[in-house]
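One-letter residues, chain by chain:
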Amino acid sequence: MNTYYDAQFKKQIVTIYPGEFYYGFGDEFISTVLGSCISVALFDSAINFGGLNHFMLAEDGTGQRAGESLAGRFGEYAMELLINEMLKLGARKKRLSAKVFGGSNVLCSGEERKQQVGKQNIAFAFDYLEREGIPVVSSDTGGTQPRKIFYDPGTSKIWQKKLRNTIHEHELIKKKETEYVAKVQQKEKEAGDIIWF
């Protein structure tokens, strides 16, 4: 996470990265940049309290839960982590609503689009929220452009900017996501029961 002051919003902005989440009552805004990753914004309107996660893959696939420090990179854990932390601070699951963003086609092209990560992430997010009975009140997913979002957890308002899809920007995001995946996979190979990253 990174925090900075934004003169336009006149707020502290907490930037989250893949595998992270953050929540609050609106004193700070939460921001992230999404390629094929997904962010789900959750909100409890009765107490004006919300949170945002950022996950890069739908499911772990190993059958073993990753260490807590890595669990949030998988949607199946990222959702659970955010919901549980919000419930601890007074949110109620029956009052939660969701907004879903991301899942663009950044990591693949051509025939690979049929099995793209973004598409799988989108399907997971909507399926999970439906199973949990959390209504999706708005979303912007898919496509080919990366997104930058700002979330006000005190009102559930989202500001979204689609980033220009120039070759340079596209390749930069693709490179960052690919490097992150490789880094995590390498750490898993090196670790026994402990995963460092």
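Just so it is clear, the model here is predicted, and its values are computed rather than measured.

(A) Representation of the nonpolar core within the structure. Counting residues in each nonpolar core, the largest one holds 21 residues, and the members touching the most others are V40, L42, F55, M79 and L129. Elements represented by at least two residues in this core include exactly strand 5 (38–44), helix 2 (75–88), strand 7 (96–102) and helix 3 (117–131).

(B) Looking closely at the environment of D27. Inspection of the secondary structure puts D27 in the loop between strand 3 (21–24) and strand 4 (28–34). For the pair D27 and K11, spaced 16 residues apart in the sequence, the C-alpha separation amounts to 7.4 Å.

(C) Spatial organisation of the sheet that holds strand 4. Reading across from one edge, 1-2-4-9-10 is the order of the 5 strands in this open sheet, with mixed pairing throughout. At either margin of the open sheet sits one strand with a lone partner, and together these are strand 1 (2–6) and strand 10 (157–162). For this sheet the average axis-to-axis angle between neighbouring strands, irrespective of direction, equals 25 degrees. Alignment of strand 2 (residues 11–15) against strand 4, held across 4 bridges, turns out to be parallel. From the neighbouring strand, V14 faces strand 4, where its bridge partner is I30.

(D) Quick look at the pattern of salt bridges. For the coordinates displayed, the defined rule picks out 5 salt bridges. Between K93 and E132 there is a salt bridge; the shortest N-O distance is 2.1 Å. With K93 in the loop between helix 2 and strand 7 and E132 in the loop between helix 3 and strand 8 (136–141), the pair connects residues that are 39 residues apart, well separated along the chain. With a relative accessible area of 33%, K93 lands in the partly exposed category. Classification of E132 by relative accessible area gives partly exposed; the value is 27%. Here D140 makes a salt bridge to R147, at a shortest N to O gap of 2.8 Å. Using a relative accessible area of 21% as the deciding quantity, one classes D140 as partly exposed. Using a relative accessible area of 1% as the deciding quantity, one classes R147 as buried. It is possible to trace a salt-bridge network through shared partners that takes in D140, R147 and K162.

(E) Highlighting the packing of aromatic side chains. Scanning all chains against the criterion turns up 11 aromatic pairs. A ring pair is formed by Y22 and Y23, whose centres lie 6.3 Å apart and whose planes are at 25 degrees; its orientation type is stacked. Residue classification places Y22 among the partly exposed residues on the basis of a relative accessible area of 22%. Y23 sits in the partly exposed class, given a relative accessible area of 26%. Residues F74 and Y77 carry aromatic rings whose centres are separated by 6.2 Å and whose planes lie at 85 degrees to one another, so their mutual orientation is edge-to-face. Per residue, the accessibility class of F74 equals that of Y77, and both read buried.

(F) Representation of helix 3 in the model. With 15 residues, helix 3 should cover 21 Å at 1.5 Å per step; its first-to-last C-alpha distance of 21 Å lies within 8% of that length. Along helix 3, the residues classified as buried are G118, N121, I122, F124, A125, Y128 and L129. Projected down its long axis, helix 3 carries its buried residues within an arc of 165 degrees, all on one side. Exposed residues lying more than 90 degrees from the buried face of helix 3 are K119, E130 and R131. Where the residues of helix 3 are buried, they touch strand 5, helix 2, strand 7 and strand 8. With its phi angle positive at about 75 degrees, G133 sits one or two positions after the end of helix 3.

Rules and cut-offs
- Residues numbered from 1 in each chain as written.
- Predicted model: local features only at pLDDT ≥ 70, side-chain atom pairs only at ≥ 80, totals over all residues.
- Heavy atoms only, no water.
- Core = buried A, V, L, I, M, F, W, Y, C linked by side-chain atoms within 4.5 Å.
- Buried < 20%, exposed > 50% of the residue type's maximum accessible area, 1.4 Å probe, protein only.
- Helix = DSSP H or I, 4+ residues; strand = E, 2+ residues; numbered from the N terminus.
- Pairing = 2+ DSSP bridges.
- Axes fitted to C-alpha atoms, helices over the stretch in contact; angles between N-to-C directions.
- Salt bridge = Lys/Arg side-chain N within 4 Å of Asp/Glu carboxyl O.
- Phe/Tyr/Trp six-rings, centres within 6.5 Å; stacked < 30°, edge-to-face > 60°.
- Expected span 1.5 Å × (residues − 1).
- Arc of directions from axis to C-beta.
- Contact = heavy atoms within 4.5 Å.

This is a description of form; function is not addressed.
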